Amino acid sequence: QVQLVESGGGLVQAGRSLRLSCVVSGSIFFINAMGWYRQAPGKQRELVATITNGGSTSYRDSVKGRFTISRDNAKNTVYLQMNNLKPEDTAVYYCNVDVYTASVTRRTYWGQGTQVTVAS
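Residues numbered from 1 in each chain as written. Predicted model: local features only at pLDDT ≥ 70, side-chain atom pairs only at ≥ 80, totals over all residues. Heavy atoms only, no water.

### Things to note about the pairing of strand β10 (residues 106-110)
Right, on to step 1. Alignment of strand β9 (residues 91-101) against β10, held across 5 bridges, turns out to be antiparallel. Pairing of Asn96 across the sheet is with Trp110, part of β10.
Right, on to step 2. Hairpin connection from β9 to β10: 4 residues lie between these consecutive antiparallel strands, with Val104 at a positive phi of about 55°. (Pairing = 2+ DSSP bridges. Helix = DSSP H or I, 4+ residues; strand = E, 2+ residues; numbered from the N terminus.)

### Notes on a nonpolar patch on the surface
Right, on to step 1. Taken together, Phe29, Phe30 and Val104 make up a surface patch of nonpolar side chains, about 310 Å² in accessible area.
Right, on to step 2. Here Phe30 lies in strand β4 (residues 28-39). (Patch = residues over 30% accessible without salt bridge, like charges linked within 9 Å, V, L, I, M, F, W, Y side chains within 5 Å. Areas by Shrake-Rupley, 256 points an atom, 1.4 Å probe, with all protein chains shown as cover. Salt bridge = Lys/Arg side-chain N within 4 Å of Asp/Glu carboxyl O.)

### Quick look at the pattern of salt bridges
Right, on to step 1. All told, the structure shown has 6 salt bridges when counted by the stated rule.
Right, on to step 2. Across the salt bridge formed by Arg38 and Glu46, the nearest N and O atoms sit 2.7 Å from each other.
Right, on to step 3. Judged by relative accessible area, Arg38 falls into the buried class, the value being 5%.
Right, on to step 4. A salt bridge links Glu46 to Arg60, with the shortest nitrogen-to-oxygen separation between them at 3.4 Å. (Buried < 20%, exposed > 50% of the residue type's maximum accessible area, 1.4 Å probe, protein only.)

Read these as spatial facts, not as claims about activity.
What follows is the structure in structure tokens.
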């Protein structure tokens, strides 16, 4: 079994920063890609950023230059540094990981979500 625990959300003023963390634990053989998604009220969940095991990153256009995704493979942790936050960044942020479990089965797991609210 694999568990994801997210932290770092909260309420901030526009222009400020937050850093999200997601720790992956459990019966893991290898973590492939890691990413962050978000879902605002009344909207579909959307991809924010991803990072491969080798460190290659990708971002949705609206966060490029403001958000940075990173990972610490030794700690099985992925981070999302969010700078210059805007009210439109308000959403529940979800961690997503693509892993090979201890039984070498490839699966995708989701975190429980952490609320980010940006006040104007």
